[in-house]
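One letter stands for each residue in the lines below.
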Amino acid sequence: MLKLFRSLKPFWLLILFTFVLVFLQSMSDLYLPTLMSDIVDKGIIEGDIPYIWKIGGFMLAVALGGAICSIAASYLSAKVAGGFGRSMRSRVFQHVQNFSLQEFDKLGTASLITRTTNDIAQTQQVLTMMLRMMISAPMMCIGGIIMAVSKDAKLSLIIVVIVPVLAGSIALIAGMGMPLFKAMQVKLDKLNRVLRENLTGIRVIRSFNRIQHEQERFKEANYDLTSTAVRVNKIMAAMMPIMMIVMNLSTIAIVWFGGLRIRDGHMQVGDLMAFIQYAMQIMFSLIMVSMIFVMVPRASASAARINEVLSITPDIDDPLVAQSSEEGRGYLEFRDVTFSYPGAEQPALSGISFTAKPGETTAIIGGTGSGKSTLLSLIPRFYDVAEGSVLVDGVDVREMTQEELRAKIGFVPQKALLFTGTIADNIRYGKKDATDEEIREAADIAQATEFIMNMKDGFESEIAQGGNNVSGGQKQRLSIARALVRRPEIYAFDDSFSALDFKTDAKLRSALKPVTRDATVLLVAQRVSTVMDADRIIVLDEGRIAGIGTHRELMETSDVYREIVSSQLSEEEIA
Amino acid sequence: MSEQTRRPGPPPGGPRHPGGHPGQMMPAQKAKDFKGSLKRLVGYLRPRRGTLIVIFLTAILSTVFSIASPKILGKAITKLLEGVIAMAKGTPGAGIDFTYITQILLILIGLYLFSAAFSYIQQYLMAGVAQKVVYDMREQINAKLSRLPLKYFDSRTHGEILSRATNDVDNISTTLQQSLTQLITSIVTLVGVIVMMLSISPWMTLILIVTLPLSFIVIKAVASRSQKHFMAQQASLGQLNGHVEEMYTGHKIVKAFGRERESVEDFNKINEKLYSSGWKAQFISGIIMPMMMFIGNIGYVLVCVVGGIFVTHGRITIGDVQAFIQYARQFTQPIMQTANIANIIQSTIASAERVFELLDEEEEVPEAADAAVLNNPKGAVEFEHVRFGYKEDAMLIEDMNIDVKPGQTIAIVGPTGAGKTTLINLLMRFYELNGGAITIDGVNITHLKRGNLRSIFGMVLQDTWLFNGTIMENIAYGRAGATNEEVIEAAKAAHADHFIRTLPDGYDTVLNEEASNISQGQKQLLTIARAILADPSILILDEATSSVDTRTEVFIQKAMNDLMKGRTSFVIAHRLSTIRDADLILVMNQGSVIEKGNHEELLAKGGFYADLYNSQFSGGSIQEVV
């Protein structure tokens, strides 16, 4: 929490002003009872009506001043808290943009989203409250005590007694309630979980005829939650009455002892009335402080989550002195590459070596989990290799800037991902300054033009968030067009034709051929028919190369390849 | 660190704002039929009428006592001042009447204790009532959910249903617990305070009441001004969240195309907009408190001045002024509170309405009174002139006739679509037919008890459903009352026993919420074990084994083959061998059955199946069939 608030530094002047303004406002609030006691003691007792008017006017001025200070403080605190939220959000977002996929895997996308949005909103809210209350409450408390003492030091001893009693009773009830509140949250989570399981598994539950069982499970969780909730609320029911009793009894004590002191001539009636009001202010501010104590732990949990994000340093960083590749375009080499995901026992890839030249198509095939996609994501340096090296145009990818490296690659992921915006925007994502001509051409090659033209606004049709208004196959074609428009040196297709039907697949691949003549193509595929005419097929099995060569060569040398082929092709086609 | 699992997504109703009520001026959620829903909500309270009356009485008493006390305290102060003035004037024998003051103070102590006791009783009782009402409501929702047809669940997101059952019910609970009694006490306080003030001095009361319209004007003016900013803030917040979500989920693409800088630029633009509307909304809503305080202070000053003058004229006593000041302080609070509560009640009624909507949904067609039970189903399935469509005007299946003998295998093939679900929906009577009939062993399924019908079937699907519990419990789910031995037996038959034993806690391993502590393939083995334990006569099976390692895949296929032996099986086929050997192949496209027959027949026909076979099956593994 404190760590986050360090970033408040640029606002220190505003915060200082807020402090001053809140201070002034608290003072004006405290000054009013004093003025009132003057009215009583001087005006009323002496029957001096003009004096009453004069002080009355003065009080109004003080109240107005207080209000102005408070409004100004509200203005500043809104600016500070808003600015804090803005800079935090921007910092976290920028930081996360630099993460590699590894860090994304570590925290999870959903969690990162909540951290960037909800958690920051949470801390911002607490900051606002703190700026308003956390300063004013102690000030009112201390100010009230000072004023009370100045009115009558001896009578102030009552406050010395009251404050611990009040604080103690709040602490006691909170101490009893807090664990129950936590237990309640756990039980609420459980109830929600049962309900969610009921919803996601509805077909299974009904088909196994276990509705009754689920009903009982829910009932149990519901009952558990309800009984805890009743207990919490019954304890909390004592909170207000106890506080009221303490406050009211204090008033009575003040009147009693004050009366005694008035009798002895140590004090005046107006002072007594002011004193009562001071005592109230002190106690109210104590209650406010206790509310802050409730809020802070919640916010600090959020703050801790934000800090966790900020403290992660991306594994992948640009080299200090970047090397630029001079020779050729599109030469790719894997040199004895080994890679493991963090925490995994087995390396996802080990001992991978091969080279690919422009104009060549390299296909990668293998079972699920054999490391095909992983291999592909090493090329744009989504992950760093553990051993060995990946070279593009003769330079280790770790020695280039990520920008330069990725500019050479046209990447088409397994799961086509589009952004909100028009279709043209989405294709242009591959090349910022692409002309309409280039976009149309890319769409043509990707076999997307036909369905685009069938849409109402053609290339200007809007894509909804997540691309939900186009089909899987259409998404994939757009995602291919996006890579094509770049005219990259290296194409990396990660099982990108899977959602296409046979005809489109064939058309697309023949349209691709002239375009990729000078480029290096890497292609991950499941279907043997897709990879059969590649210049080089790499067969992966559990992260190792089980065979490398053309279809013909592999049919003779590789058992794994033969196995894959025979499971997919009919006898006559194998030959 | 379960923060992301705990949040059930943004509620469509958007009940309360997190952390207090900063948005007390936000437009409240309006109910469509306020009166009707309110009446119905009140209906829930009716059985607890007795307790509620006690609650209201104690609330009123406690408030009345606390309202009476300032005036009584004022008397003590008056006595003090009288004594002082008398002493000042040097009246012989003058002094402060302490016996009187003691009396007053003792009465006050009594009042305060009573007031506190009553307020405690009221809160205490309300806790019971509120939570029990909510308990009943949750039970009703859950019971209702179990009676709703699948159609309801398929046409809505889980988040939406969950939000009704949790957020909306929570909203009602909080309102019942806090706002209801608050409303009563606020109104009683307001009336009581006005009465007390009038009894002290009608003139001073008038002065104070004059400040009232002033506060309304201020609230109104500020609220209408802040509304605009709140709306702008909400809009940019939505935009910002959308951008974050999109950029984070598309992180790979952003990286691959080197667009980090643009993404950050866009973010900063939205962020800037959010800031500018956010701080304005915050500021303007922050103005309300000081303004109200100022108006309160104007009243305070006027009371002091006018009261002071009145005291000097002897029209009222000093104690009355003290009491009046206390009343004046209590005066604005209930007004603000009632305004706030009015908003809360509106959103509560809107919540209640959403809950009632759910409770009013149409239920499954009830079972016939004389519903039959098939005790030893053989597994003969017949479709007779079946017509079906999810929408009346778009039939997916027109006049389908198939006759499946016990033990036969029916393969279902075709490109991705709704085929698989449709079949399950019809066989298990999750959806009702539009025409024709499905019979099992000659009995129309609509004449069977639902529970009996569903126990005839066993399902092994790709999207495995496991719940948060031990592996033992998850498998035992297949049959109520299965013994541990039977479970282990089933696991062995499903080739799952081995992997389960390698887990640290064996069969007692607890699957976590997403069941992410075992692999996808292992999950599939568990669901197969579950189906084996259930020992159904008819199977619905999905052969797809995506994201499964080769070794597990072999196990799964073996287990499935064993399972299919001797049972009528509907298989969503992915393997050539299954398709070729099937007794009947149903070719589905976009949810409807377009061809049927066996492999040779269909190939000879040269239709869709032949196309599909030639383009896909011969050319590679069958991708995502059905």
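Residues numbered from 1 in each chain as written. Chains lettered and ligands numbered in written order. Predicted model: local features only at pLDDT ≥ 70, side-chain atom pairs only at ≥ 80, totals over all residues.

Draft legend 1. How the structure looks around the overall build of chain B. Along chain B, the regular secondary structure elements total 20 helices and 10 strands. Out of the 626 residues in chain B, the part that is buried amounts to 46%. Across chain B, the fraction of contacts at a sequence separation of at least 24, relative to all contacts at a separation of at least 6, is 80%. (Helix = DSSP H or I, 4+ residues; strand = E, 2+ residues; numbered from the N terminus. Buried ≥ 20, exposed ≤ 12 C-beta atoms within 10 Å, placed from the backbone. Contact = placed C-beta atoms within 7 Å.)

Draft legend 2. Inspection of the overall build of chain A at higher detail. Regarding its fold elements, chain A presents 21 helices and 12 strands. For chain A, restricting intrachain contacts to residue pairs at least 6 apart in sequence, the fraction spanning at least 24 positions comes to 78%.

Draft legend 3. The arrangement of the pairing of strand E4 (residues 387-392) of chain A in detail. All names here are of chain A. Relative to E4, strand E1 (residues 332-339) runs antiparallel, the two being bridged by five bridges. Within the sheet, the bridge partner assigned to Thr-338 lies in E4 and is Glu-387. One ladder, built from two bridges, connects E4 with strand E5 (residues 395-396); its direction is antiparallel. Each residue of the ladder has a partner; that of Val-392, found in E5, is Val-395. Counted between consecutive antiparallel strands, the loop separating E4 from E5 contains two residues, among which Asp-393 sits at a positive phi close to 50°. (Pairing = 2+ DSSP bridges.)

Draft legend 4. Spotlight on the packing of helix H2 (residues 12-46) of chain A against helix H3 (residues 49-97) of chain A. Residue and element names in this part refer to chain A. Their axes nearest at 8 Å, the elements H2 and H3 cross at an angle of 160°. In terms of axis orientation, H2 runs roughly antiparallel to H3. Classified by chirality, the crossing of H3 by H2 is left-handed. Its residues assigned to classes, the contact of H2 with H3 comprises 22 nonpolar, eight polar and four charged. (Axes fitted to C-alpha atoms, helices over the stretch in contact; angles between N-to-C directions. Parallel < 35°, antiparallel > 145°, perpendicular 65-115°, else oblique. Left-handed = near helix turned anticlockwise from the far one by under 90°. Nonpolar A, V, L, I, M, F, W, Y, C, P; charged D, E, K, R; others polar.)

Draft legend 5. Up close: the interface of chain B and chain A. Across the contact, 119 residues belong to chain B and 122 residues belong to chain A. By residue number, the principal contributor to the side of chain B that touches chain A is helix H9 (residues 260-313) of chain B, which donates 27 residues. Split by residue class, the side of chain B that touches chain A holds 63 nonpolar, 42 polar and 14 charged.

Draft legend 6. Spotlight on H9 of chain B. A rise of 1.5 Å per residue sets the reference length of H9 of chain B, with its 54 residues, at 80 Å; its end C-alpha atoms lie 78 Å apart and thus fit the reference within 8%. Just past H9 of chain B, the residue Gly-314 of chain B takes up positive phi, approximately 80°. (Expected span 1.5 Å × (residues − 1).)

Draft legend 7. Layout of the sheet that holds strand E6 (residues 409-412) of chain A. All names here are of chain A. Reading across from one edge, E6-E9-E10-E3-E11-E12 is the order of the six strands in this open sheet, with mixed pairing throughout. Looking along the sheet, the strands with just one partner apiece sit at the ends: E6 and strand E12 (544-549). Geometrically, the sheet is characterised by an average inter-axis angle of 15° between neighbouring strands, direction not taken into account. Across the sheet, helix H16 (residues 472-484) is in contact with E6 and strand E9 (490-494); its angle to E6 comes to roughly 175°.

Draft legend 8. Broad picture of the confidence of the model for chain B. Residue and element names in this part refer to chain B. Taken residue by residue, chain B gives an average pLDDT of 80. The fraction at 70 or more is 88%. Scored below 50 in pLDDT, residues 1-27 shows 51 contacts in the model against residues more than four places distant or in partner chains. Across residues 618-626 the pLDDT falls below 50, and counting only partners more than four positions away or on other chains, this stretch makes 35 contacts in the model. Per the prediction output, this complex has pTM 0.69; the corresponding ipTM is 0.79. (pLDDT = per-residue confidence, 0-100.)

Draft legend 9. Here's a closer look at the nonpolar core. The biggest cluster of nonpolar side chains holds 244 residues, and the ones touching the most others in it are Val-269, Ala-481, Ala-492, Leu-522, Leu-523 and Val-539 of chain A together with Phe-324 of chain B. The element that contributes the greatest number of residues to this core is H9 of chain B, accounting for 20 residues. Formed by 74 residues, the second largest nonpolar core is a distinct cluster that contains Ala-411, Trp-465, Ile-538 and Ala-582 of chain B. (Core = buried A, V, L, I, M, F, W, Y, C linked by C-beta atoms within 7 Å.)

Draft legend 10. Structural detail: the environment of Leu-176 of chain B. All names here are of chain B. Along the chain, the position of Leu-176 falls in helix H6 (residues 158-200). Considered as a pair, Leu-176 and Val-133 are 43 residues apart in the sequence and their alpha carbons are 8.9 Å apart. Not counting the four nearest positions on each side in its chain, Leu-176 is found in contact with Ala-130 and Val-133.

Draft legend 11. Region of interest: the packing of H2 of chain A against helix H5 (residues 109-151) of chain A. Residue and element names in this part refer to chain A. Where H2 meets H5, the axes come as close as 9 Å, and the angle between the chain directions of the two elements is 40°. Taken together, the axes of H2 and H5 lie oblique to each other. In this structure, H2 crosses over H5, and the sense of that crossing is right-handed. Where H2 approaches H5, its residues Thr-18, Phe-19, Val-22, Phe-23, Ser-26, Met-27, Asp-29, Leu-30 and Thr-34 are matched on the opposing element by Leu-131, Ile-135, Ser-136, Met-139, Met-140, Gly-143, Gly-144 and Met-147. When the residues that make up the contact of H2 with H5 are grouped by side-chain class, the tally is 10 nonpolar, six polar and one charged.

Draft legend 12. Seen up close, the sheet that holds E1 of chain A. All names here are of chain A. Spatially, E2-E1-E4-E5 is the arrangement adopted by the four strands of the open sheet, whose pairing is antiparallel. The sheet is open, and its two edges are formed by strand E2 (349-356) and E5, each paired on a single side. As paired elements, E1 and E2 share five bridges and run antiparallel to each other. Residue pairing for E2: Phe-339 is matched across the bridge by Leu-349.

Draft legend 13. Spotlight on the pairing of strand E7 (residues 538-542) of chain B. Residues and elements named next belong to chain B. Counting buried positions over the five residues of E7 gives five, a clear majority of the element. Covered by surrounding structure in E7 are Ile-538, Ile-540 and Asp-542 together with Leu-539 and Leu-541, the residues of both alternating faces. Judged from the four bridges that link them, strand E6 (residues 457-460) and E7 form a sheet pairing that is parallel. Residue pairing in the sheet places Phe-457 in a bridge with Ile-538 of E7.

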